[in-house]
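# Observations on the model geometry
The residues making up each chain are set out below.
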Amino acid sequence: MNYCSHCGSAQLILTVPEGDTIPRCVCSECHTIHYQNPKIVTGCLPEWEDKILLCKRAIEPRYGLWTLPAGFMENNETVSQGAVRESWEEARANLEQLSLYVMISLPYISQVYMMFRAQLCDLTFAPGPESLEVRLFTQDEIPWEKIAFPVIQRTLTYYFQDRATGQFPLHVSEINR
């Protein structure tokens, strides 16, 4: 951070504010404390019968690899609204019956993934601007060696394990480097 977003000053110092325990960027002019918090990534695991919908990425990072539709939450939206929006942006997928399914913390990059199970309403999905291709996969067709991110690999693993039992509990975990 180079400038205070409150007053525009370049006089930022890294210090532990009074009453806090963590170093923060503080403006020495207006004394505004600039908190840096984790980003929330939200998305869906879209289901159709015994298949799930994956997107082939048309953007970096991990261009050309497969993922579930997901992305960063926007201000003024709920986690589920963000998941629906991202699924529409990336896969033009119409979804219903969202249920929070996976929450995975990635402290090494300050992100928290919140993934929902969701039912596809129809088969009119198509690639959005961030996807090269979208398609339904059975468990045996999943391109495991071409999955873009460890958190997506873990989400898919949970899903197929749970599908075998018919029980889909909320999974809370973390991935550390």
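So, here's what we can say about the structure. Note that the structure is a prediction, hence the values are computed from the model and not measured.

Below, the discussion takes up the sheet that holds strand β2 (residues 24-27). Ordered by their spatial adjacency, 3 strands build an open sheet running β1-β2-β3, and the pairing between neighbours is antiparallel. Both outer strands of the open sheet, β1 (12-15) and β3 (33-34), are each paired with one neighbouring strand and no more. Pairing between β2 and β3: 2 bridges, direction antiparallel. Residue pairing across strands places Cys25 opposite His34, the latter belonging to β3.

Within the secondary structure layout, Ile175 lies in the segment after β11 (171-174). We classify Ile175 as buried; its relative accessible area is 11%. Note: C-alpha distance between Ile175 and Pro150 (25 residues apart in sequence) is 8.1 Å. Look past the residues within four positions of Ile175 in its chain and what remains in contact with it is Ile104, Ser105, Leu106, Pro107, Tyr108, Pro150, Val151 and Arg154.

To continue, consider the nonpolar core. With 26 residues, the main nonpolar core has Ile52, Leu54, Leu68, Ile142, Val151, Ile152 and Leu156 as its most contacted residues. Taken together, the elements giving at least two residues each to this core come down to β4 (39-48), β5 (51-57), β8 (95-106), β9 (111-120) and α2 (150-165). For this core, the element with the highest residue contribution is α2, accounting for 6 residues. Beyond its immediate stretch of four places on either side in the chain, Leu156 contacts Leu45, Ile52, Leu54, Leu68, Ile142, Trp144 and Ile147. With 13 residues, the next largest nonpolar core counts Cys44, Leu53, Ala91 and Phe125 among its residues.

Turning our eyes to something else, we now look at helix α1 (residues 79-91). With 13 residues, α1 should reach 18 Å at 1.5 Å per residue; the first-to-last C-alpha distance of 18 Å fits that figure. Looking one or two residues past α1, Arg92 carries a phi angle of roughly 50°, positive in sign.

Our next topic: the pattern of salt bridges. Applying the stated rule across the entire model yields 6 salt bridges. The salt bridge partner of Arg24 is Asp20, with a shortest N-O separation of 2.9 Å. On the basis of relative accessibility, which here comes to 15%, the residue Arg24 falls in the buried class. In this structure, Arg85 and Glu77 form a salt bridge, with 2.7 Å as the shortest nitrogen-oxygen distance. Overall, Arg85 belongs to the buried group, its relative accessible area being 18%.

Calculation criteria
- Residues numbered from 1 in each chain as written.
- Predicted model: local features only at pLDDT ≥ 70, side-chain atom pairs only at ≥ 80, totals over all residues.
- Heavy atoms only, no water.
- Pairing = 2+ DSSP bridges.
- Helix = DSSP H or I, 4+ residues; strand = E, 2+ residues; numbered from the N terminus.
- Buried < 20%, exposed > 50% of the residue type's maximum accessible area, 1.4 Å probe, protein only.
- Contact = heavy atoms within 4.5 Å.
- Core = buried A, V, L, I, M, F, W, Y, C linked by side-chain atoms within 4.5 Å.
- Expected span 1.5 Å × (residues − 1).
- Salt bridge = Lys/Arg side-chain N within 4 Å of Asp/Glu carboxyl O.

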